[in-house]
Amino acid sequence: MFEKLKTKWEISSNLQLAKIFIVFAITGSTSALISSPLKEFLGISSDNLDWFLFWPLEIIIITLVYQPILLIVAAIFFELKFFWEFEKKLLRRIGFTNLK
């Protein structure tokens, strides 16, 4: 399984693969932690919004917080090049076609 990922992501070492997993883990946890006070500041909670409004807003906020944190954490682990390419692929898929 790890060899498939290394081939797909065009990486060569197990150390780089481990760093990529660590970056994803730290970013996910951090974005969840940071989005909570942001939602509180904006007055978004499951107590004052119906579920069909709350959950899409939750996903949007976490996604918006996740993206810059991913690049910051990647830079700390010297994996910015990999994650910038990862981000560009994601942005192209959602419609930003001018990225090089």
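Please read all numbers here as calculations on a predicted model, not as lab measurements. (Residues numbered from 1 in each chain as written. Predicted model: local features only at pLDDT ≥ 70, side-chain atom pairs only at ≥ 80, totals over all residues. Heavy atoms only, no water.)

**Thoughts on the nonpolar core**
Membership of the largest hydrophobic core comes to 16 residues, with the highest contact counts inside it found for Trp9, Ile11, Ile20, Val23, Leu70, Phe82 and Phe83. If you tally residues by element for this core, the top one is helix 3 (residues 51-76), at eight residues. Beyond its immediate chain neighbours, meaning those up to four positions away, phenylalanine 83 contacts Ile20, Val23, Phe24, Leu70, Leu71 and Ala74. (Core = buried A, V, L, I, M, F, W, Y, C linked by side-chain atoms within 4.5 Å. Buried < 20%, exposed > 50% of the residue type's maximum accessible area, 1.4 Å probe, protein only. Helix = DSSP H or I, 4+ residues; strand = E, 2+ residues; numbered from the N terminus. Contact = heavy atoms within 4.5 Å.)

**Details of unusual backbone geometry**
Phi is positive for glutamate 10, close to 55°, though the residue is something other than glycine. Inspection of the secondary structure assignment puts glutamate 10 in the loop between helix 1 (2-8) and helix 2 (14-42). Under the relative-accessibility criterion, glutamate 10 is labelled exposed at 74%. Phi is positive for phenylalanine 78, close to 60°, though the residue is something other than glycine. Note that phenylalanine 78 resides in the loop between helix 3 and helix 4 (80-93). With a relative accessible area of 71%, phenylalanine 78 lands in the exposed category.

**Side note on helix 4**
Between its terminal C-alpha atoms helix 4 stretches 20 Å, which fits the 20 Å expected from 14 residues at 1.5 Å a residue. Residues Phe82, Phe83, Glu87 and Lys88 constitute the buried set of helix 4. Looking one or two residues past helix 4, glycine 95 carries a phi angle of roughly 120°, positive in sign. (Expected span 1.5 Å × (residues − 1).)

**What about the layout of surface pockets?**
Counted as a void, the largest pocket has a volume near 440 Å³. Forming the boundary of the largest pocket are 16 residues, of which Trp9, Phe82, Glu85, Phe86 and Lys89 lie nearest the centre. Contributions of two or more residues to the lining of the largest pocket are made by helix 3 and helix 4. Considering every element that reaches the lining of the largest pocket, the biggest residue donor is helix 4, with eight residues. (1 Å grid on protein atoms, 1.4 Å probe; cavity = no way out; pocket = protein on both sides within 12 Å on 5 of 7 lines; lining within 4 Å. Points joined across faces, edges and corners; volume = space filled by probe spheres on them.)

**Digging into the pattern of salt bridges**
The tally for this structure, following the rule as stated, stands at four salt bridges. When the shortest N-O distance is used, the salt bridge between glutamate 3 and lysine 6 registers 3.5 Å. Residue glutamate 3 and its partner lysine 6 are both found in helix 1; the two are separated by three residues, about one turn of the helix. Glutamate 58 is paired through a salt bridge with lysine 39; the nearest N and O atoms lie 2.5 Å apart. Taken together, the residues span a long stretch of sequence, with glutamate 58 in helix 3 and lysine 39 in helix 2 at a distance of 19 residues. A single burial state applies to glutamate 58 and to lysine 39, both of which are buried. (Salt bridge = Lys/Arg side-chain N within 4 Å of Asp/Glu carboxyl O.)

That is the geometry; function is a separate question.
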